Amino acid sequence: MTIICEHCKRNIHDTERLLEFDGDVFCTDCFSERVEIYYRIGDDEGWLSESETEEYTYEEYIQRIDDFDSDLFNRQTGGQNNEI
């Protein structure tokens, strides 16, 4: 049996992986793979995709908060320190 890639039109060999989508078949040279991670909080029914969330180490999160506080202070004061 001959299976032809819909995109590049080459024969897909029997040792290759292939992707089938909506009736069309694509060879490994023509598709990219990305794993999407989903998170669930506790026993909630809903799932959050990684595009909706950010995962940090403790140190990264502390740095993020420090950076945010510094940026907020600079926006509110124009970067001027009014302490005596």
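All of the points below concern the structure found in this document.

Rules and cut-offs
Residues numbered from 1 in each chain as written. Predicted model: local features only at pLDDT ≥ 70, side-chain atom pairs only at ≥ 80, totals over all residues. Heavy atoms only, no water. Helix = DSSP H or I, 4+ residues; strand = E, 2+ residues; numbered from the N terminus. Rg over C-alpha atoms; globule rule 2.2 N^0.38 Å. Buried < 20%, exposed > 50% of the residue type's maximum accessible area, 1.4 Å probe, protein only. Contact = heavy atoms within 4.5 Å. Areas by Shrake-Rupley, 256 points an atom, 1.4 Å probe, with all protein chains shown as cover. Lys, Arg positive; Asp, Glu negative; His and termini not counted. Charge placed at Lys NZ, Arg CZ, Asp CG, Glu CD. Patch = residues over 30% accessible without salt bridge, like charges linked within 9 Å, V, L, I, M, F, W, Y side chains within 5 Å. Salt bridge = Lys/Arg side-chain N within 4 Å of Asp/Glu carboxyl O.

Turning to the overall build of the protein, a few remarks are in order. When helices and strands are tallied, the protein shows one helix and six strands. For the protein, the sequential pattern of α-helices and β-strands runs β-β-β-β-β-β-α. For 84 residues, the compact-globule estimate of 2.2 N^0.38 gives 12 Å, and the protein exceeds it by more than 25% at 25 Å. Considered along the principal axes of its C-alpha atoms, the protein spans approximately 80 × 35 × 20 Å. Counting over 84 residues, the protein shows a buried share of 8%. For the protein, long-range pairs separated by at least 24 residues make up 2% of all intrachain contacts whose partners lie at least 6 apart in sequence. Entry remark: accessible area of the protein is about 7,800 Å², with carbon and sulfur atoms responsible for 48%. For the protein, the distance from the average site of its 7 positive side-chain charges to the average site of its 23 negative ones is 6 Å.

Before going further, it helps to examine a nonpolar patch on the surface. A contiguous nonpolar patch, built from Y56, Y58, Y61, I62 and I65 and spanning about 480 Å² of accessible area, is present on the exposed surface. Within the secondary structure, Y56 is located in the loop between β6 (48–49) and α1 (58–77). Using a relative accessible area of 32% as the deciding quantity, one classes Y56 as partly exposed.

With that settled, consider the environment of F31. Its place among the elements puts F31 in the loop between β4 (24–27) and β5 (38–39). On the basis of relative accessible area, F31 is assigned to the buried category, the value being 17%. As a C-alpha pair, F31 and L18 span 13 residues in sequence and 8.6 Å in three-dimensional space. If sequence neighbours within four positions are ignored, F31 has contacts with L18, L19 and F26.

Despite not being glycine, K9 shows a phi value in the positive range, around 70°. For D22, which is not glycine, the phi torsion reads 55° and is therefore positive. Its location among the elements puts D22 in the loop between β3 (18–21) and β4. On the basis of relative accessible area, D22 is assigned to the exposed category, the value being 70%.

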